[in-house]
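Structural features, examined
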Amino acid sequence: MTTGTDGHGRVSAARGYPLAAVRGLALALVSLPGAVVCFVTAVVSIGLIPIGVGLVTTPYVLKGVRAFADLRRVLAAEWGGVRIPRAYRPLPKDANPWGRTFGMLGDPATWRDLLWLPVDMTAGFVTALLTAALLFYPLEGLAVAAGLWRVLPDPWWYGFVPVSGQGTALAAGALALALLAAGHVGAVRVLRAHFLLTRAVLAPGGSELAERVRVLTETRRDAVDTSAAELRRIERDLHDGAQARLVAVGLDLGTVEALIERDPAQARELLARARQSSTEALTELRELVRGIHPPVLAERGLGDAVRALALRLPVATEVNVSLPGRADAPVESAAYFAVSEVLANAVKHSGADRIWVDVHREEGRLRITVTDNGRGGAVAGAGSGLAGVERRLGTFDGVLAVSSPVGGPTLVTMEIPCG
């Protein structure tokens, strides 16, 4: 993910000019049609709410809008080094269509998304296209100077130069060289300006502090609930598993004491059963401890723990780790279990035959991306397997972004602040 970037994660001007132009062209081809489709379907669906149809369609349409915005958040971080917070309010898992629709419409982030769509299809489209034009338009001028002018209508305007002969064609070539120099200096900056414009609309505005307090309050409550549920699970596993087996071992040993002189053969059978029960209890205790905090994570760190996870998967998984040191233990634990959950979802639901995991740290943030070549269609939010991952990361003020168009591929990006 960091190839061709400087120490701050931004593509350098010298190496990033052609890449920025290609990325700008890709954004321009996606921005206009994608924003138009999302905006029109959202407006129509919301307009149909009074007759009842919109109550059913609006949650799905707004999820699509959020997925489109999440894709831009991922690209902003990957291509421009611009991080755009994701601050959607969670919906109750058992919400009815009315609750889902008005729960999403009551979220300020939803209206920021809808406001961003017209901006993206206009100013966003222009800035993305300008990034591409800074490379491809000068190429036209150089082709004109090289002789293409002979087959073009007379005069052919290149910029402000009317090309009607070799002399004016060379002037067009000089203009093209000047535009190439401008593109070399400005293309990466224009692409970054595109993402800064996106952040200016999508990111929480004046109420950001209140929104942050609300999100942190909710994540703290989720953390408390999750911890309580985890304690209940541990108690249940101990009571139904290891404790029951150890009680059985004690009963068997008591019976052995009574039979050791009268029936040595049966006593030996009971001893063998007690030994087997103790072995199974020890195995269950080890599995329980591994579920609380894997030894490989404590001893060797997040990178090796993720590699160990990948080795146990039935799908070919490639892991790339670039960590200059170790983060705090709670952050490593949250990241490990988040990756474990995402990988489990990919194996179970995506139908992928290959998975890529990238773990690196930059600018005080731990970033993990999990990509699979499966069927796509994954969404973050209530009711999906990624909701728990989002809550786990939210406890540490982390964020989750999902890009998963139908047909794949799926890209899940997780970021956690760390020292």
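What counts as what
- Residues numbered from 1 in each chain as written.
- Predicted model: local features only at pLDDT ≥ 70, side-chain atom pairs only at ≥ 80, totals over all residues.
- Heavy atoms only, no water.
- Patch = residues over 30% accessible without salt bridge, like charges linked within 9 Å, V, L, I, M, F, W, Y side chains within 5 Å.
- Areas by Shrake-Rupley, 256 points an atom, 1.4 Å probe, with all protein chains shown as cover.
- Salt bridge = Lys/Arg side-chain N within 4 Å of Asp/Glu carboxyl O.
- Helix = DSSP H or I, 4+ residues; strand = E, 2+ residues; numbered from the N terminus.
- pLDDT = per-residue confidence, 0-100.
- Contact = heavy atoms within 4.5 Å.
- Axes fitted to C-alpha atoms, helices over the stretch in contact; angles between N-to-C directions.
- Parallel < 35°, antiparallel > 145°, perpendicular 65-115°, else oblique.
- Left-handed = near helix turned anticlockwise from the far one by under 90°.
- Nonpolar A, V, L, I, M, F, W, Y, C, P; charged D, E, K, R; others polar.
- Phe/Tyr/Trp six-rings, centres within 6.5 Å; stacked < 30°, edge-to-face > 60°.
- Buried < 20%, exposed > 50% of the residue type's maximum accessible area, 1.4 Å probe, protein only.
- UniProt positions renumbered as here; feature names shortened; annotations may be inferred.

The name an unreviewed UniProt entry assigns to the chain is histidine kinase, from the organism Streptomyces lusitanus.

A contiguous nonpolar patch, built from V22, L25, L29, V30, L129, F136, L139, L142 and L177 and spanning about 740 Å² of accessible area, is present on the exposed surface. Elements with a minimum of two residues in the nonpolar patch: α1 (13–47) and α4 (108–145). Here L25 lies in helix α1.

The next point concerns the confidence of the model for the chain. Mean pLDDT over the chain stands at 77; residues scoring 70 or higher make up 79%. The model gives residues 1–14 a pLDDT under 50, and that stretch makes 27 contacts with residues more than four places away or in other chains.

Time to look at the packing of helix α2 (residues 53–80) against helix α5 (residues 166–202). With their axes 10 Å apart at the nearest point, α2 and α5 run at an angle of 140 degrees to one another. The angle between α2 and α5 falls in the class oblique. In the packing of α2 onto α5, the handedness of the crossing is left-handed. Where α2 approaches α5, its residues A69, R72, R73, L75, A76, W79 and G80 are matched on the opposing element by L191, R192, H194, F195, T198 and L202. Residue classes in the contact of α2 with α5 are distributed as seven nonpolar, three polar and three charged.

A word on the packing of aromatic side chains. Under the definition given, this model contains three aromatic pairs. With a centroid separation of 5.5 Å and an interplanar angle of 40 degrees, the aromatic rings of F68 and W116 are classed as tilted. Residue F68 is located in helix α2, and its partner W116 is located in helix α4; the two are separated by 48 residues in the primary sequence. Across this residue pair, the class does not change: F68 and W116 are buried. Residues W98 and F102 carry aromatic rings whose centres are separated by 4.5 Å and whose planes lie at 40 degrees to one another, so their mutual orientation is tilted. In this pair, W98 and F102 are both assigned in helix α3 (residues 97–105), four residues apart and thus about one turn of the helix distant. Note on W98: relative accessible area 54%, which makes it exposed.

Taken from the UniProt record, the annotation "transmembrane region" (unreviewed entry) applies to residues 25–56, 114–137 and 157–182. With 84% helix and 0% strand, residues 25–56 has end C-alpha atoms that lie 36 Å from one another. Helix makes up 100% of residues 114–137 and strand makes up 0%, while its end C-alpha atoms are separated by 33 Å.

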